[in-house]
Amino acid sequence: MTRQTSRILIQRACVLTMDAALGDLTEGDVLLEDGRITAVGDQLSAEGAQRIDAAGMILIPGLIDSHTHMWQGPLKGLGAGNWGMADYQKHVFPLREKFGAEDMGDATFAAGVEMLDKGTTTVLDFCHNVMTPAHADQALAAHRRTGQRIVFGYGMLGSHGAPASEQDWRLAQVRELARTLDAKPTSLLRLGIAVGSLEYVGLAAMRREIETGRELGLPMSFHQNPPGQIRELHAAGLLGPDLLPVHANVATDEELAALAACGAGISFTVEGEFGGGRPMSIIGRAHRAGVTPSLGVDIPSRVAMDLFSQMRLTFHVMRAEEALAERLAGRWPLARRPGTPHAQPRHMLEYVTVNAARALGLGECLGRIAPGCIADLVLLRTDPYGMSVGDPAAHVALQASASDVDTVIVGGVVRKRGGELQDMDRAEAAAATRRVRSRVLAQ
Ligand SMILES: [Zn+2]
């Protein structure tokens, strides 16, 4: 589907640029031309541009999710009561082997529509369900149809017990896709690699995948669960700003220093971490160590597909961890002291905009509202109950919800306006979900 960009002037919004030089505009205008932001300022004029009156609304960069398995969209609720990773491994993960290529297309489409509707304009789709080349093709076709900005994390993990030689055809398809997919930063669909987990595939296989990704210039990510893996990858010379660890809950201070030194971030998936019963201090420790955190929904089979809930819960987890550390140190009742509390509401919005763009290798042109940046934007309503007192970024992180998403713009194309999707049908997404459930769950 070809979608036309238009010249758009957004007027009178409270603009949170997330750009260090531009800061916030209490009431400002933003001009979009040819899919880019071309001006940010006060009372801009733009003859003939389409106008969007955003009075009373907050304009933020489109939200960026750095880790979600979008194929799980139709499985929402299936892992609701899971207790630890064993339940997930027993009841949810094996279902991927029941997914046919058609299911991958339907599931990815349904998840993409829902995430766009809820203000997530970009996702690193960690697609660890590429059982055949057609599975990847169908997922990619669905992404083209939704027009969400996607880094497609091509999953290297095979089926349970599959021979290691399966890596060959997957890497061959990665090379083929790297030849055919447009790698321009403005491209809506970019290729990446969802590298196999070290504990499953071993260092030699992981090295081969990472070296292929580096040769092709692809962003990469991997699940980091057992202790010591970051140290092992560091010793093997494999860490880098293009390799995003997910979770990393048990990383030591030395491992965090290694990640910081090479410019790597981490993807923190707060509800996924809770479900696995993992240590939650990593998010605050990583931030303080200079490892830029970003956030992800991770598993739609248990976690709602919006980033507002992730921001809110992450903030309170960080504050709770800080309060616990103070209490254990005998500093009770809580009192402010230099550097404590560290976590601020505005950090959460940074995690899902500037930090996440950087994690996906798009830090130069995405995640901010500044001239030259890609025009991915979200307008949030604050009526009928009004905006918070104080920092509007705190309103976004702690008060707003997906139901406040009024307008979604991707690459200068208006995809949602006045709360209504413009070129997608919610009923079609729901029908795609039903088809997957019928085939995979026999429901
Ligand atoms: Zn995951």
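Residues numbered from 1 in each chain as written. Predicted model: local features only at pLDDT ≥ 70, side-chain atom pairs only at ≥ 80, totals over all residues. Heavy atoms only, no water.

### Digging into the packing of helix α3 (residues 133-146) against helix α4 (residues 166-180)
At a minimum axis separation of 10 Å, α3 and α4 run at an interaxial angle of 35°. The element α3 and its partner α4 pack so that their crossing is right-handed. On α4, the residues that touch Pro133, Ala136, Asp137 and Leu140 of α3 are Trp169, Gln173 and Leu177. (Axes fitted to C-alpha atoms, helices over the stretch in contact; angles between N-to-C directions. Helix = DSSP H or I, 4+ residues; strand = E, 2+ residues; numbered from the N terminus. Left-handed = near helix turned anticlockwise from the far one by under 90°. Contact = heavy atoms within 4.5 Å.)

### A short note on the layout of surface pockets
For the largest pocket, the calculated volume is near 840 Å³. Every residue lining the largest pocket is counted, 44 residues in all, and those nearest its centre are Phe93, Arg96, Leu157, Gly158 and Tyr200. The element contributing the most residues to the lining of the largest pocket is helix α5 (residues 198-216), with five residues. When grouped by side-chain class, the residues that make up the lining of the largest pocket number 16 nonpolar, 19 polar and nine charged. When its volume is computed, the second largest pocket comes out at roughly 500 Å³. Lining the second largest pocket we find 22 residues, and of these Arg3, Thr186, Ser187, Leu188 and Leu189 sit closest to its centre. Partitioned by chemical class, the residues of the lining of the second largest pocket number seven nonpolar, eight polar and seven charged. Counting contributing residues per domain, the lining of the second largest pocket is built from domain 1 (8-61 + 367-421) and domain 2 (63-351), each supplying no fewer than three. (1 Å grid on protein atoms, 1.4 Å probe; cavity = no way out; pocket = protein on both sides within 12 Å on 5 of 7 lines; lining within 4 Å. Points joined across faces, edges and corners; volume = space filled by probe spheres on them. Nonpolar A, V, L, I, M, F, W, Y, C, P; charged D, E, K, R; others polar. Domains from an automatic or database assignment.)

### Observations concerning the coordination of the zinc ion
Perfect tetrahedral coordination of a metal by four donors corresponds to 109.5 degrees between them, and perfect octahedral coordination by six donors corresponds to 90 or 180 degrees. Around the zinc ion, the protein contributes the donor atoms His67 (NE2), His69 (NE2), His223 (NE2) and Asp298 (OD), which lie 2.1 to 2.3 Å from the metal centre. Relative to the metal, the four donor atoms surrounding the zinc ion lie at angles of 85 to 173°, and the coordination shape comes out irregular. All donors of the zinc ion come from a single chain, and their spacing in sequence reads H-x1-H-x153-H-x74-D. In this pair, His223 sits in strand β10 (residues 220-224) while Asp298 sits in the loop between β13 (293-295) and α10 (307-328), placing the two residues 75 residues apart along the sequence. Both residues of the pair, His223 and Asp298, belong to the buried class. (Donors = N, O, S within 2.8 Å, 3.2 Å for Na, K, Ca; no water. Tetrahedral: all angles 85-135°; square planar, octahedral: opposite > 155°, others 65-115°. Buried < 20%, exposed > 50% of the residue type's maximum accessible area, 1.4 Å probe, protein only.)

### A short note on the domain arrangement of the protein chain
Examined at the domain level, the protein chain breaks down into domain 1 (8-61 + 367-421) and domain 2 (63-351). Counting residues at the interface gives 29 residues for domain 1, matched by 27 residues for domain 2. Of the roughly 2100 Å² buried between domain 1 and domain 2, counting both surfaces, carbon and sulfur atoms make up 66%. Taken as a group, Met18, Ala397 and Leu398 account for 23% of the area that domain 1 buries against domain 2, more than any other trio of residues on that side. Inspection of the region where domain 1 meets domain 2 yields four salt bridges. Salt-bridge contacts for Lys416 lead to Asp117; the nearest nitrogen and oxygen are separated by 2.7 Å. Joining domain 1 to domain 2, the criterion identifies eight residue pairs in polar contact (both at pLDDT 80 or more). Breaking the side of domain 1 that touches domain 2 down by element, the ones donating at least two residues are β5 (57-61), β14 (377-381), α13 (392-398), β15 (405-410) and β16 (413-417). (Buried area = accessible area lost by both parts, 1.4 Å probe. Salt bridge = Lys/Arg side-chain N within 4 Å of Asp/Glu carboxyl O. Polar contact = N/O pair within 3.5 Å; in protein donor to acceptor, adjacent residues only side chain to side chain.)

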